[in-house]
Every structure is written in structure tokens, then in C-alpha cells.
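# Descriptive structure summary
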Amino acid sequence: MNFENPERPDSVLNLLKQNGFTPTQISKLVRIHPLLLLSDPEKTLLPKIEFFISVGVSSSDLTGILSSNPSLFARSLKKQLIPCYDFLKTVLLVEEKVLTTLKRSPRAFLCNVTNNMAPNIALLRQLGVPQSSISFLVSNYSSEAFTKHTRFVEAVHQVMEIGFNPLKMVFVHAIQVLLKMSKPKLESKLELYKRWGWSKDMALLAFKRNPICMLLSEEKITKAMDFLVNKMGWLSANIATNPAVLLFSLEKRIMPRFSVIQILLAKDLVKNDLSLSTILLPKERIFLEKFVTKFQNDIPQLLNVYQGKTDLLEVGSRSEKLCEAEQL
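Cut-offs and rules
- Residues numbered from 1 in each chain as written.
- Predicted model: local features only at pLDDT ≥ 70, side-chain atom pairs only at ≥ 80, totals over all residues.
- Heavy atoms only, no water.
- Helix = DSSP H or I, 4+ residues; strand = E, 2+ residues; numbered from the N terminus.
- Rg over C-alpha atoms; globule rule 2.2 N^0.38 Å.
- Buried < 20%, exposed > 50% of the residue type's maximum accessible area, 1.4 Å probe, protein only.
- Contact = heavy atoms within 4.5 Å.
- Areas by Shrake-Rupley, 256 points an atom, 1.4 Å probe, with all protein chains shown as cover.
- Lys, Arg positive; Asp, Glu negative; His and termini not counted.
- Charge placed at Lys NZ, Arg CZ, Asp CG, Glu CD.
- Salt bridge = Lys/Arg side-chain N within 4 Å of Asp/Glu carboxyl O.
- Core = buried A, V, L, I, M, F, W, Y, C linked by side-chain atoms within 4.5 Å.
- pLDDT = per-residue confidence, 0-100.
- Axes fitted to C-alpha atoms, helices over the stretch in contact; angles between N-to-C directions.
- Parallel < 35°, antiparallel > 145°, perpendicular 65-115°, else oblique.
- Left-handed = near helix turned anticlockwise from the far one by under 90°.
- Nonpolar A, V, L, I, M, F, W, Y, C, P; charged D, E, K, R; others polar.
- Polar contact = N/O pair within 3.5 Å; in protein donor to acceptor, adjacent residues only side chain to side chain.

## So, the overall build of the protein
- Across its full length, the protein holds 21 helices and zero strands.
- Here the protein has a C-alpha radius of gyration of 27 Å; the compact-globule value for 328 residues is 20 Å, and the former is much larger.
- The buried share of the protein, reckoned over its 328 residues, is 42%.
- Sequence-distant contacts in the protein: of pairs separated by 6 or more residues, those separated by 24 or more amount to 71%.
- For the protein, the accessible area works out to roughly 17,600 Å², and carbon and sulfur atoms hold 52% of it.
- In the protein, 42 side chains carry a positive charge and 30 a negative one; their mean positions are 5 Å apart.

Encoded structure:
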């Protein structure tokens with residue numbers, strides 16, 4: 001931009017430098033919101049910086065927040081930013097949670113308090129949604145929590161119709177998932193699961209147990225289902241009752257664990273009635289203790305298999321040689 005009088009832009013740049021903005025952050029601010037250079041630095045910009053600092057935002061955090069979200073500079077301090085902060089305090093109750101929300105989702109401070117924020121939270125409270133669930137939704141998914149009220153009401157009603165209990169945390173999880181998806185997208189995802197043998201009731205059961213399974217990409221779902229159903233022989237119905245397994249990384253979690261289990265089964269070291277949840281849900285430390293470390297003396301290379309350093313065929317050939325040696 002070219003300015004007939006560079007005095008105003010220069011004063012804006014000086015103010016930003018004095019308040020800790022790096023050259024890179026200033027460049028980003030100006031690129032995203034060039035009209036910022038025409039702002040009154042003392043009357044418009046400084047009061048907003050001072051406000052955020054006064055409520056506990058560190059200078060280093062604030063420069064990052066504002067450089068990525070320059071629209072905050074463009075909003076009225078008295079009509080938007082302060083009312084937004086005050087409302088979030090009434091919802092989250094603890095100032096630290098308000099600051100966390102600002103860091104995670106600065107756009108929450110751009111939402112309309114009267115038309116969207118307040119009525120959305122009021123609706124949840126009318127339904128008896130616990131404070132902990134409301135706080136979780138606002139802190140982690142503020143864009144969805146403060147979406148347009150009519151859209152929010154629609155999602156809440158849809159979640160209620162499916163049968164979610166407002167008293168459970170999964171209720172707000174389901175709301176944010178539906179708010180991220182259009183109806184055609186949701187139908188497309190249900191159709192994908194149907195192709196893998198799920199009825200609509202089974203798909204809804206999976207959704208009720210773990211709503212996030214509807215946000216997974218078609219590629220991720222297809223790869224996981226192909227491995228578990230076609231290669232490992234699990235019934236797709238088993239996956240519907242344990243949809244959390246679809247969220248795990250195929251390469252980093254699912255395949256390494258099944259490689260270990262296959263070896264243990266082949267050597268009759270574990271029973272063949274292990275459930276999908278027993279194999280995939282435990283944290284890594286617990287899985288290692290239960291299925292790897294425990295059998296390290298029987299199969300020294302088991303940890304290498306788990307870590308992808310040794311494949312199943314190599315383990316098999318070594319075992320065969322050991323058996324031959326023992327027979328001799």
C-alpha cells in the first residue's frame with residue numbers, strides 16, 4: 001500500500017515493535033489486515049493490547065494471537081472484546097480457562113454474545129447439560145459452541161433425536177461433530193459404513209459410542225476396515241461396538257499390535273478369544289507389559305516385531321530353526 005503521509009503507518013509500526021511484535025509477526029499482521037496501518041495507535045490499538053495484558057495474557061502469547069488473528073484489532077473493545085471476555089468468565093467460571101480458550105481459539109472473541117453465545121449456552125443449561133461438559137465444549141470447540149444459534153439448535157435437536165443423554169460428556173462431543181458436518185457429508189459417511197456391512201442402527205450405535213468416528217476421512221476408514229475385516233478376519237459388527245479403534249493409526253498402532261498377537265497365537269502363548277478392545281485400546285505401556293515384555297524370553301525378537309524392525313516371516317524362520325535344533 002502507498003500512503004501520502006507515512007506518519008500514521010510509521011506510528012502503528014512503532015507501537016507494535018514497542019509491544020514485542022517481531023518483524024515476522026508485523027509483516028503477517030499487515031499482510032492479512034493492511035488497513036491496520038491506518039488505525040490510531042494510541043486510541044484504537046494500544047487499549048486492546050493493554051486490555052489483554054491486564055486480564056493475564058502474556059506478551060509473548062498476545063503477539064502470537066494478534067498476529068494470527070488481526071481481526072481482534074478491528075473489533076470494538078467496549079462493545080465486543082470486553083463483553084465477550086465477561087461472558088466467557090460466566091460460562092467457564094475460572095479466568096485461566098478463559099485465557100486457555102483465547103489461546104486455542106481466538107475467534108471465540110469475534111462471536112456475537114447476544115445472538116449466538118448466550119442463547120447457545122442457555123439452551124444447553126435448559127437441557128441439564130453439566131457445567132463440566134459446557135466448559136469442555138467452549139474451551140475446546142468454541143467455534144462450534146458459538147456458531148449461529150439456529151444451526152446450533154438444529155444440531156442439538158438432532159443429537160437428542162439420536163438418543164444421546166445430555167448428562168453425559170459424549171452429548172457435547174456429538175454436537176460439535178454434527179456442527180462440523182453437512183447433512184450430505186453425514187449421509188455419505190453412513191453410506192460408507194453401510195458398504196462395510198453396518199446397518200443404519202449399527203452406524204448410529206458406533207456414533208453414540210464415539211462420535212468422532214464420523215469425522216474420519218473415507219481413506220482412513222477404508223484402510224482400517226480393510227485391514228481389520230479382510231486381513232484380520234474381524235466381523236464389521238465388532239468394530240461398530242468398538243468404533244474407537246478406527247481412530248488409531250493403522251501403521252503405528254493397529255498393524256504392530258496385530259503382528260505381535262499373530263505370533264503369540266501361532267505359538268499358543270495367548271488364547272484365541274482376545275477381543276478387539278483388549279488388543280487395541282490399552283495404552284502402549286500396558287500393551288507392552290501384557291503382550292511383549294511378558295513373552296520376551298519365549299520370543300526374544302518380539303519387541304523388534306512390534307517396532308517394525310523384524311517381520312513375521314523372519315520370526316517364523318528363526319522359530320523353525322530352533323525347533324529343528326531341539327529335535328537333533
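There is more to say after this.
## Things to note about the pattern of salt bridges
- According to the stated counting rule, one finds seven salt bridges in the structure shown.
- A salt bridge links Glu-154 to Lys-183; its shortest N-O distance comes to 3.7 Å. Here Glu-154, found in helix H11 (residues 149–162), pairs with Lys-183, found in helix H13 (residues 183–195); they are 29 residues apart in sequence, far enough to count as distant.
- The exposure class of Glu-154 is partly exposed, given its relative accessible area of 34%.
- Under the relative-accessibility criterion, Lys-183 is labelled exposed at 54%.
- One salt bridge in this structure joins Lys-223 and Glu-219, with 3.2 Å as the shortest N-O distance. Of this pair, Lys-223 and Glu-219 are both found in helix H15 (residues 218–231), four residues apart, which corresponds to roughly one turn of the helix.
- For Lys-223, a relative accessible area of 42% gives the class partly exposed.

## Things to note about the nonpolar core
- In terms of nonpolar packing, the biggest core is built from 101 residues, with Phe-109, Leu-124, Phe-146 and Met-214 touching the most fellow members.
- Looking at this core, the element that brings in the most residues is helix H6 (residues 77–92), giving eight residues.
- Dropping the residues within four chain positions of it, Phe-109 is found in contact with Phe-52, Leu-72, Gln-80, Leu-81, Cys-84, Tyr-85, Leu-88, Val-98 and Leu-102.

## Observations concerning the confidence of the model for the protein
- Residues at a pLDDT of 70 or more form 93% of the protein, whose mean pLDDT is 89.
- Confidence, expressed as mean pLDDT per element, reaches its minimum in the protein at helix H21 (residues 312–327) with 41 and its maximum at helix H12 (residues 170–180) with 96.
- For the stretch residues 316–328, pLDDT sits under 50, and the model shows two contacts to residues farther than four places along the chain or on other chains.

## Let's talk about the environment of Leu-37
- Locating Leu-37 in the fold gives a position in the loop between helix H2 (23–32) and helix H3 (41–54).
- Residue Leu-37 is classed as buried on the basis of its relative accessible area of 8%.
- As for Leu-37 and Leu-235, which are separated by 198 residues in sequence, their C-alpha atoms are 62 Å apart.

## Topic: the packing of helix H8 (residues 113–126) against H11
- Running from amino to carboxyl end, H8 crosses H11 at an angle of 20 degrees, the nearest separation of the two axes being 9 Å. With respect to each other, H8 and H11 are oriented roughly parallel. Considering how the two elements wind past one another, H8 and H11 form a crossing that is right-handed. Contacts from Asn-115, Asn-116, Pro-119, Asn-120, Leu-123 and Leu-124 of H8 reach H11 at His-149, Phe-152, Val-153 and Val-156.
- Residues of the contact of H8 with H11, tallied by class, amount to six nonpolar, four polar and no charged.

## A look at the side chain of Ser-135
- With respect to the element layout, Ser-135 can be found in helix H9 (residues 131–140).
- Here Ser-135 falls in the buried class, since its relative accessible area comes to 6%.
- A polar contact of 3.5 Å, which involves the side chain of Ser-135, links it to the side chain of Lys-97.
- With residues near it in sequence (within four places) discarded, Ser-135 still touches Leu-92 and Lys-97.

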